[in-house]
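Letter by letter, the chains look like this.
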Amino acid sequence: MATFTERMGPVLLVWLAVCLGGTWAVDKGNFKTCEQSAFCKRQRAIKPGESPYRALLETMELTNTRLTLQLINDNNKVRLLLELYRLQGNITRVKINELKPLKPRYEVPDVLIREPPTEPLSLLSQDENGVVLSLGPESQRVIVSARPFRLDIVEGRDVLMSLNSRGLLGFEHLRMRKDTQADPEAENKEGADPANQDENTKEEEEKVEDGMWEETFKSHTDSKPNGPSAVSLDFSLPGVEHVYGIPEHADTLKLKTTDSGDPYRLYNLDVFQYELYNPMALYGGVPVMLAHNAQRTTGIFWLNAAETWVDISSNTAGKTVFGKMLDFVQGSSETPQTDVRWISESGIIDVFLMLGPTPRDVFSQYASLTGTQAFPPLASLGYHQCRWNYNDQEDVRSVDAGFDEHDIPYDFIWLDIEHTDGKRYFTWDPHKFASPKEMLQGLMDKKRKMVAIVDPHIKVDTNYKIHNEIRSRGFYVKNKDGGDYEGWCWPGSAGYPDFVRPDMRAWWASQFAYDQYEGAMENLYTWNDMNEPSVFNGPEVTMHKDALHGAWEHRDVHNLYGLYVHMATAQGLMERSGGVERPFVLTRAFFAGSQRYGAVWTGDNAAEWDHLKISIPMCLSLSLVGISFCGADVGGFFKSPSTELLVRWYQTGAYQPFFRAHAHLDTPRREPWLFGPENTALIREAVRQRYTFLPYWYQLFYLAYHTGEPVMRPLWVEYPQDPATFALDDEFLLGRDLLVHPVTEEGARGVTAYLPGKEEVWFDIHTFQKHNGGQNLYIPVTMSSIPVFQRGGSIIPRKLRVRRSSACMEHDPYTLYVALNNQRTAEGELYIDDGHTFNYEKKEFIHRRFSFSNNVLSSVDLEPGAQFTTKSWVERIIILGASKPSSITLKTADGVNQLEFDFDASMSVLTIRKPGMNAGADWTVTLQ
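Counting restarts for each chain, with residues numbered from 1 along the sequence as it is written. For this predicted model, a pLDDT threshold of at least 70 governs which residues receive local features, and a threshold of 80 or more governs which side-chain atom pairs are given and counted, while totals over whole chains, interfaces and linings are taken from all residues. No hydrogens and no water enter the side-chain calculation; it runs on all heavy atoms of the structure.

This part covers the overall build of the chain. The numbering of helices and of strands both runs from the N terminus, where a helix is a DSSP run of H or I of at least 4 residues and a strand a run of E of at least 2. A tally of helices and strands in the chain yields 16 helices and 53 strands. Taken over C-alpha atoms, the radius of gyration is set against a globule rule of 2.2 Å times the number of residues to the power 0.38. The globule rule puts the C-alpha radius of gyration for 928 residues at 30 Å, and the 29 Å found for the chain is close to it. Projected onto its principal axes, the C-alpha coordinates of the chain cover approximately 95 × 70 × 55 Å. Considering the chain as a whole, with its 928 residues, one finds that 62% of them fall into the buried category. Within the chain, contacts between residues separated by at least 24 positions form 72% of all contacts whose residues are at least 6 apart in sequence. Using a 1.4 Å probe, the Shrake-Rupley method yields the accessible areas, and only the shown protein chains count as cover for residues. As displayed, the chain offers around 33,800 Å² of accessible surface, 50% of which is attributable to carbon and sulfur atoms. For the purpose of charge, His is not counted, nor are the chain termini; Lys and Arg are scored as positive and Asp and Glu as negative. Charged groups are reduced to one reference atom each: NZ for lysine, CZ for arginine, CG for aspartic acid, CD for glutamic acid. Counting 94 positive and 123 negative side-chain charges, the chain places the averaged centre of each group 3 Å from the other. We call a residue buried when its accessible area falls under 20% of the maximum for its residue type, exposed when it is over 50%, and partly exposed in between, using a 1.4 Å probe and counting protein chains only. Contact between two residues is taken to exist if any of their heavy atoms lie within 4.5 Å; hydrogens are not considered.

Here's what the structure looks like:
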């Protein structure tokens, strides 16, 4: 290995120089464009028009649960097999594979939570042009047209979605390489015309140079032993102008058309300080797109883990508002339409068409396929303090004490890579962190926790137990020649465990056991970074595509790698407690299904106002595809924020699901009290607001875990018929009931928030001022302002006694904020459990419904079978939009009492003091 090390040493030094030096911008030249990605270029060269694919209707077989049908490419006579399934819950699944592939093609495992249950398909009609199938009791039908092949899903007279309507289906069949072929007949597939063979051979030999059998990018060559294997398919969405999803991209919530540039790319990459507002790939990729208009929401889930590009075009793109008005006045009959083309490097076409019709239906359809957000420990919804790196145990102790000294709550302090012994994960630096258990016990005594980083690149060092075990078990990813794959990362030369293997994942999970991970205690949790995987000296800073995971190439599984690391780590944290304690694991790389294992953050952002702004659409895009537990590094990872930016970022982060400050090694320290007493007070107030809302956050995550509904959501999810909400991404909802419009402009003196719902009213949570919905509201702001509104018609429980950590507040009382709508009614929920175990699965929780109508506020049990007790009580009820009562009575199992109250007539706010009933009890409060 010496020669390899000598050769690669300078590369690592250059990489580190770029990262740690003064250049703070992505080098786009390190990452491919579609033009530089041979398969993308080839597929994109296919222009809309007549498709060469034809459905062979005589091969159709229809059983109760599926339709199969052969397709033939009339140009090369290769046959494909189409499978069509109607799935429970208004989902249609379409699979296309080669009928007789030369070898098996990769089909993604472990992402679906089960084989999706099917529902009966029935044949309505058939002739030589196609077949019509019923999709159940509604007037939904699938129309399969034969020549050219096309598939339409219709409901009544409306086409919901069309496949291959633009003729862009492409399926590169596996083949023998001509110049190395032993058997000249091998390519002469069944049904092929021998007369065409010379022509085909000539065609393919010409294409050999086009990156089909070998491809070079910069200094890296991809050997492509299986040759071309790309798949692509187009989808047309009539009536649709707004599409969303396919994270991760640093771009607007509404996806843009890509006609004049690159497609959106899904290929998990370690992108050093990414640029904003472009379609470049980032750390994770979820191949799910949602389409929405005022009538319907639908979704497309393209289940493929290889490098993928997504093209979007629209017949209304680029039209000005005036142009659209002109169309309307002139009676232009052109229906808006969005067309989407998915292109993947290998695998098969396996696509789930989620047919809504409502946003909630699409969320539950996707959740039925890939699962819901893991229900996190309550403490992980508090504030997290991180930097690269807290230097030693004394530094940790001092930062911890600083929070107490300045009366700022926090739950987790984090350790980055420098805490290890020479970047050997599962170890501690013997000098700086000599007694980790003592450090962890000190945190535990204050009911606080720690997260330590465990990355999936393993230092090649024969004195390192983890490396020796992985090597001896043969668990490393292999290079194309069969040896252990090695690349450069933080430790220098590193091996990459093959997380695609279930036995490797099981072994990895076992390493988190308390008798294996020396120094670990139950308040130590885990952070998986660099799991794209990041390979400093690899092509595009990642693993070579011809590396091997058993029978499969890395190209087939690339976007799954981070998911598997996350999965194995979460499994390890569960197993170490015997399955009792909920894990908390943060990951940088992710895929469809990653929501089942923990939290995600938006990676290495920068201390710039635009990066603060982009955190909102980035997390909204993740939320729409199931990943609710999302956040961005508060303050920005790279560079140093101005105090104004830092304060505004805390104020924004306090209302985003994952709330963590983080900073680069080279940046000045930025603990919250280092910017003068005024800024300390502003940051303290933002963090304390977060803690008062923890009961609401926890209830939203319980709902997300149960239903798949996102915690943080775009306004259109709740107001699907209001076009004014469709492209909004500078404000958002938390659940249904809180609307947040953070201040993200430097020097802002005011913001304009759109308050949705013509029949709604919204209350400023700070002033209790009431505003009508259906308007743009200008809000003057100062440095202390965080514009947040509670929806009239909602009841939100809060805990106003903020202590040093969430666990210290466990038994504290609740204040109920009852915001009345125009009908003078309101409802809400309260969810309570132990906050950290899986005992909620055994019905050990309290779930209450609060409702106010006819001047009566009541609390009833939503889960009569559940068993849990709480010491918390209701210490205050604040009713917004109230009238003054003459008296108020409380009825509980213990009898009837009169309650004290104050009424502020100028703001119509009624405060009921010290009602005192237990938070888990039945009660009614009556206003006379």
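Taken together, three strands build an open sheet; the order of strands is S24-S26-S25 and the sheet is antiparallel. What marks the edges here is a single partner per strand, and that holds for strand S24 (458-459) and strand S25 (486-489). Pairs of strands are assigned from DSSP output, requiring at least two bridges between the strands. Strand direction decides the pairing type here: S24 and strand S26 (residues 492-495), joined by two bridges, are antiparallel. For Lys459, the partnering residue across the bridge sits in S26 and is Ala494.

Turning our eyes to something else, we now look at the pattern of salt bridges. Just to be clear on terms, a salt bridge is a Lys or Arg side-chain nitrogen sitting within 4 Å of an Asp or Glu carboxyl oxygen. One pass over the full model with this rule turns up 66 salt bridges. Of the charged contacts, one joins Arg588 and Asp270 as a salt bridge, the two residues approaching to 3.4 Å between their closest N and O atoms. Of this pair, Arg588 sits in the loop between strand S30 (585-587) and strand S31 (599-601) while Asp270 sits in the loop between strand S15 (264-266) and strand S16 (288-292), and the two are 318 residues apart along the sequence. Like Arg588, the residue Asp270 is buried in the burial classification. A salt bridge links Glu745 to Lys613; the shortest N-O distance between them is 3.7 Å.

Moving on: the side chain of Lys799. Mapped onto the elements of the fold, Lys799 is located in the loop between strand S43 (794-798) and strand S44 (814-819). The side chain of Lys799 is buried and forms no salt bridge, while Asp812, the nearest opposite charge, is found at 6.1 Å. As used in this structure description, the phrase polar contact means that two N or O atoms lie within 3.5 Å; if the pair is within protein, one of them must be able to donate a hydrogen and the other to accept it, and residues adjacent in sequence are counted only when both atoms belong to side chains. At 2.9 Å, the side chain of Lys799 and the backbone oxygen of Glu810 are in polar contact. Those residues in contact with Lys799 that lie beyond four places of it in its chain are Tyr691, Thr692, Pro695, Met809, Glu810, His811, Asp812, Pro813, Tyr814 and Ser872.

Taken in spatial order, the nine strands of this open sheet run S32-S31-S30-S27-S23-S22-S21-S34-S33, and their pairing is parallel. Both outer strands of the open sheet, strand S32 (630-631) and strand S33 (633-634), are each paired with one neighbouring strand and no more.

Moving on, we come to the packing of aromatic side chains. Between 30 and 60 degrees the pair is tilted, below 30 it is stacked and above 60 it is edge-to-face, where a pair is any two Phe, Tyr or Trp rings, Trp via its six-membered ring, whose centres lie within 6.5 Å. For the coordinates displayed, the defined rule picks out 54 aromatic pairs. Consider the rings of Phe412 and Phe584, whose centres lie 5.6 Å apart with planes at 45°: the pair is tilted. Residue Phe412 is found in strand S22 (residues 412-415), and its partner Phe584 is found in the loop between helix H11 (561-575) and S30; the two are separated by 172 residues along the sequence. Summarising the burial analysis for this pair, Phe412 and Phe584 share the class buried. Grouped by ring-pair contacts, the aromatic residues Phe412, Trp414, Tyr525, Trp527, Phe584, Trp601, Phe629, Phe658 and Phe701 constitute a single cluster. Geometrically, a charge over a ring is one whose NZ (Lys) or CZ (Arg) sits within 6 Å of the ring centre while staying within 35 degrees of the ring normal. Above the plane of the ring of Tyr525 lies Arg576, whose end atom (NZ or CZ) is 5.5 Å from the centre. For Arg798, the ring lying beneath its charged end belongs to Phe693, and the centroid distance is 3.9 Å.

What follows covers empty space enclosed by the protein. Within this scheme a cavity is a closed region of a 1 Å grid, computed over the protein atoms alone, that accommodates a 1.4 Å probe without allowing it to escape, whereas a pocket is open but has protein on both sides within 12 Å along at least five of seven lines; lining residues each have an atom within 4 Å of a point. Grid points are joined across faces, edges and corners, and a volume is the space filled by probe spheres set on the points. Throughout the structure, instances matching the rule amount to ten cavities of 30 Å³ or more. The volume enclosed by the second largest cavity comes to roughly 150 Å³. What lines the second largest cavity is a set of 14 residues, among which Lys32, His220, Asp222, Pro539 and Lys545 lie closest to the centre. Residue contributions to the lining of the second largest cavity peak at three residues, all from strand S12 (residues 220-222). All residues other than Ala, Val, Leu, Ile, Met, Phe, Trp, Tyr, Cys, Pro, Asp, Glu, Lys and Arg, Gly among them, are scored as polar; the first ten of these are nonpolar and the last four charged. Counted by class, the lining of the second largest cavity contains four nonpolar, four polar and six charged residues.

As a further point, take the packing of helix H13 (residues 643-653) against helix H14 (residues 677-692). What counts as an axis is a line fitted to C-alpha atoms, over the stretch in contact for a helix, and the angles between N-to-C directions run from 0 to 180 degrees. Look at H13 against H14: their axes get within 8 Å of each other, and the N-to-C directions meet at 10°. Here H14 runs roughly parallel to H13, going by the angle between their axes. Mapping the contact onto sequence places Thr643, Leu646, Val647, Tyr650, Gln651 and Gly653 in H13 and Asn679, Leu682, Ile683, Ala686, Val687 and Arg690 in H14. Residues that form the contact of H13 with H14 fall into these classes: seven nonpolar, four polar and one charged. When an angle is under 35 degrees it counts as roughly parallel; over 145 it counts as roughly antiparallel; between 65 and 115 it counts as roughly perpendicular; any other value is oblique.

Both trends apply: most residues other than glycine have a negative phi, and most peptide bonds are in trans. Following Arg147, the chain continues into Pro148 via a peptide bond in cis, with omega recorded as -5°. Following the sequence through the fold, Pro148 ends up in the loop between strand S7 (140-145) and strand S8 (150-155). Cis geometry is found at the peptide bond from Pro247 to Glu248, where omega equals 25°. Tracing the backbone shows Glu248 in the loop between strand S14 (242-245) and S15. Backbone geometry places Lys224, a non-glycine residue, at a positive phi of 45°. In this structure, Lys843 is a non-glycine residue whose phi angle is positive, near 65°. Examined against the element boundaries, Lys843 turns out to sit in the loop between strand S45 (826-832) and strand S46 (846-853). Residue Lys843 is classed as partly exposed on the basis of its relative accessible area of 37%.

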